[in-house]
Amino acid sequence: MGDDNVIARLGSMKALLGIVAGAGASYGIYKLVAGRAGDGVKRRKSAKSVTIQPGSLMAKVSGFKVVSKSDNLDPSAETESSDIHSKSAASLEPRHLSMLLSLLQSSPNSEERRNVLVTLGNAAAFTVNQDLLREFGGLHIIAGFLSDPSSEIRVQTLNALNNLSMNIRNQEQLKIYIPSVMQLIEMSPVNSDLQLAALRLLTNLSVTDNHQHLMKNSITLLLSLLVVSNAVLQIQVLKVLVNLSSNPDLMDDIVQAQAPASLILLFDGCTSTSVLLRLLFFVGNLRAWRPSAQVAEALRTRQDSLYCVLLDNSSQVHRKLPLLLSHPDEEVKTQVARLLT
């Protein structure tokens, strides 16, 4: 009788993987909501360092092999399993989430762990599940897989954390993983799913100024990525930079950061309109900062600083901006005119 109960429970946990595995992770569509208090669970250690991959931003090449996403789920489901199959992510019960977290920790199968993370990520799009997963210690359990050897598992981990970060109270726990997320961006191939998922998480964590200071040492990394990535990644990088540059307390760190001279090349009609608009917003935030004459003079001695590249009187941006007044997009022209006045 005891063995039958164990088998039935394992069948139930596997059945959970079929609930929303095909729905895809939800990004940025839910408002930041304050969660309920309560977190007496011991924190899991933050993710370990990952090996620099060939094709990373540091290696200056691309080409990341992603494991197959095919799902080989056990189709058998009895009694309780059949009931779980019929549930939506919004109607998962607390015990289901607890079972998924247990399976995530105990399963030796990489594909099974990936499927659990997909299911948890979709469940985390709902506020009630965001709170429950925090209370079960699930945030630290999930974040522990940021160092998983599988790139696909790391991507699904970031996707799940992204949805969980829609909750302000969850952000208080997730902030300790910002260095690990930054490291993933630096070590991963340019334009990879890993970089995109990591930047989406950072976008959520930088919406308020509560944890922005934890990203100030990575401004140069973000600026470097901005000039070598594709438009999709550039938009995500700029979302983070616009968030950070809206905080006056960070402005000194931002303008002193080392910046690639090629950044100026993005101020061009050939640049994607979505990228160009966010770049103009970023510059607008920077120009709201007014350094003292002494600070400005000190910054001019560092020709590779963001201040010299975009703000100083000698910057080529002053020659580039007027040319954008003939841009076909009206909003671009409006933002350029605002910067020129």
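The coordinates are above.
Residues numbered from 1 in each chain as written. Predicted model: local features only at pLDDT ≥ 70, side-chain atom pairs only at ≥ 80, totals over all residues. Heavy atoms only, no water.

Enquirer: Quick question: what am I supposed to make of the packing of helix 14 (residues 273–287) against helix 18 (residues 330–340) here?
Expert: Contact geometry of helix 14 with helix 18 gives a least axis separation of 10 Å together with a crossing angle of 20 degrees. Taken together, the axes of helix 14 and helix 18 are roughly parallel relative to one another. When the axes of helix 14 and helix 18 are compared, the crossing they make is left-handed. Taken together, the residues of helix 18 that come into contact with helix 14 (itself represented by Thr273, Leu276, Leu277, Leu280, Phe281, Val283, Gly284 and Arg287) are Glu331, Val332, Gln335, Val336, Arg338 and Leu339. Residues belonging to the contact of helix 14 with helix 18 are distributed by class as follows: eight nonpolar, three polar and three charged. (Axes fitted to C-alpha atoms, helices over the stretch in contact; angles between N-to-C directions. Helix = DSSP H or I, 4+ residues; strand = E, 2+ residues; numbered from the N terminus. Parallel < 35°, antiparallel > 145°, perpendicular 65-115°, else oblique. Left-handed = near helix turned anticlockwise from the far one by under 90°. Contact = heavy atoms within 4.5 Å. Nonpolar A, V, L, I, M, F, W, Y, C, P; charged D, E, K, R; others polar.)

Enquirer: I would appreciate a short explanation of the packing of helix 12 (residues 231–245) against helix 14 in the present structure.
Expert: To describe two helices that pack against each other, one gives the angle between their axes and the distance between the axes. Relative orientation of the contacting elements helix 12 and helix 14 amounts to 20 degrees, with a least axis distance of 9 Å. Taken together, the axes of helix 12 and helix 14 are roughly parallel relative to one another. Between helix 12 and helix 14 lies a crossing of left-handed hand. On the side of helix 12, the interface is formed by Ala231, Gln234, Ile235, Leu238, Lys239, Leu241, Val242 and Ser245, while helix 14 contributes Ser274, Val275, Arg278, Leu279, Phe281, Phe282, Asn285 and Leu286. Among the residues forming the contact of helix 12 with helix 14, the class breakdown is ten nonpolar, four polar and two charged.

Enquirer: Would you explain the environment of Arg134 in this entry?
Expert: For Arg134, the location among the structural elements is in helix 5 (residues 127–135). When the C-alpha atoms of Arg134 and Asn167 are compared, they prove to be 9.8 Å apart, with 33 residues separating the residues in sequence. For Arg134, the side chain forms a polar contact with the side chain of Asp131, separated by 3.1 Å. Separated by 3.0 Å, the side chains of Arg134 and Asn170 make a polar contact. (Polar contact = N/O pair within 3.5 Å; in protein donor to acceptor, adjacent residues only side chain to side chain.)

Enquirer: Would you take a moment to explain helix 10 (residues 193–205) for this structure?
Expert: In an α-helix there are 3.6 residues to a turn, and that puts residues three or four apart on one side. Along its 13 residues, helix 10 runs 19 Å from first to last C-alpha, staying within 8% of the 18 Å computed at 1.5 Å per residue. Across the 13 residues that make up helix 10, a large majority, eleven, are buried. Buried within helix 10 we find Leu194, Gln195, Leu196, Ala197, Ala198, Leu199, Leu201, Leu202, Thr203, Asn204 and Leu205. (Expected span 1.5 Å × (residues − 1). Buried < 20%, exposed > 50% of the residue type's maximum accessible area, 1.4 Å probe, protein only.)

Enquirer: What am I meant to see in the environment of Leu323 here?
Expert: By the element assignment, Leu323 lies in helix 17 (residues 317–323). Judged by its relative accessible area of 55%, Leu323 is exposed. Along the sequence, Leu323 and Lys333 sit ten residues apart, while their C-alpha atoms lie 9.8 Å from each other.

Enquirer: Sorry, what's going on with the pattern of salt bridges here?
Expert: It is possible for side chains of opposite charge to pair when their charged atoms get near one another. Applying the stated criterion across every chain, the model contains nine salt bridges. A salt bridge links Glu297 to Arg300, with the shortest nitrogen-to-oxygen separation between them at 3.3 Å. Taken together, the positions of Glu297 and Arg300, both in helix 15 (residues 293–300) and three residues apart, correspond to about one turn of that helix. Note on Arg300: relative accessible area 30%, which makes it partly exposed. Through salt bridges that share partners, Glu111, Arg114 and Glu152 make up one connected network. (Salt bridge = Lys/Arg side-chain N within 4 Å of Asp/Glu carboxyl O.)

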